[in-house]
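Each chain, written out:
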Amino acid sequence: MFNDIGPLELVTLIVLAVLVFGPDKLPKFIQDVTRTLRKIREFSDNAKHDIRSELGPEFKDFEFEDLNPKAFLRKQLDNDELGLKDIRSTFDLKREMAELTDSVNGHDTASALPGPTSSASAAPTSGGRVDMTKKPEAPKDERPPFDADAT
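How each quantity is defined
Residues numbered from 1 in each chain as written. Predicted model: local features only at pLDDT ≥ 70, side-chain atom pairs only at ≥ 80, totals over all residues. Heavy atoms only, no water. Helix = DSSP H or I, 4+ residues; strand = E, 2+ residues; numbered from the N terminus. Expected span 1.5 Å × (residues − 1). Buried < 20%, exposed > 50% of the residue type's maximum accessible area, 1.4 Å probe, protein only. Arc of directions from axis to C-beta. Contact = heavy atoms within 4.5 Å.

Participant: Just checking my understanding: could you explain helix α4 (residues 93-105) for this structure?
Facilitator: For α4, which comprises 13 residues, the first-to-last C-alpha distance of 18 Å matches the rise-based estimate of 18 Å (1.5 Å per residue) to within 8%. Buried residues of α4: Arg-95, Ala-98, Thr-101 and Asp-102, and no others. One side of α4 carries all its buried residues, which in axial view fall inside an arc of 130 degrees. Summarising the geometry of α4, the exposed residues directed more than 90 degrees from the buried face are Leu-93 and Val-104. Backbone geometry just downstream of α4 places Gly-106 in the positive-phi region, at approximately 80 degrees.

Participant: I'm lost on the environment of Phe-64 in this one. Help?
Facilitator: Secondary-structure assignment places Phe-64 in the loop between α1 (7-55) and α2 (69-78). C-alpha separation for the pair Phe-64 and Arg-52, spaced 12 residues apart in sequence, amounts to 9.7 Å. Setting aside residues up to four positions removed in sequence, Phe-64 forms contacts with Lys-48, Ile-51 and Arg-52.

What follows is the structure, encoded as structure tokens:
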């Protein structure tokens, strides 16, 4: 719960608590806070138990953490009924990006990379990396196009 509190912040909180409550009232305040936290935790556990008992035996493996959307999606995607693991294993992002940049730049896609699809593009020349910042150079003897509406 408080994993991101550093030692300096913890010392600051302790000094601030001593200044606000005083050294004589601070132990009683800490006892009251811990007693309240225990009661809240006990109330929460009892509510979870009551909900599980009311749902019945068909929801015996129900976990309240599954109500978190991230946990629910992770649990559903890890279930391999949809075959997503096969899709993830056959998808090659480098090859797809190289194919996309070649098609955008108008390069020939005749030479193919080894892979499951036959419409793959030429292998990138920079050690497997695709440089998307390079722009095709315009021919030297032609003027760039002029658009009167754009200016």
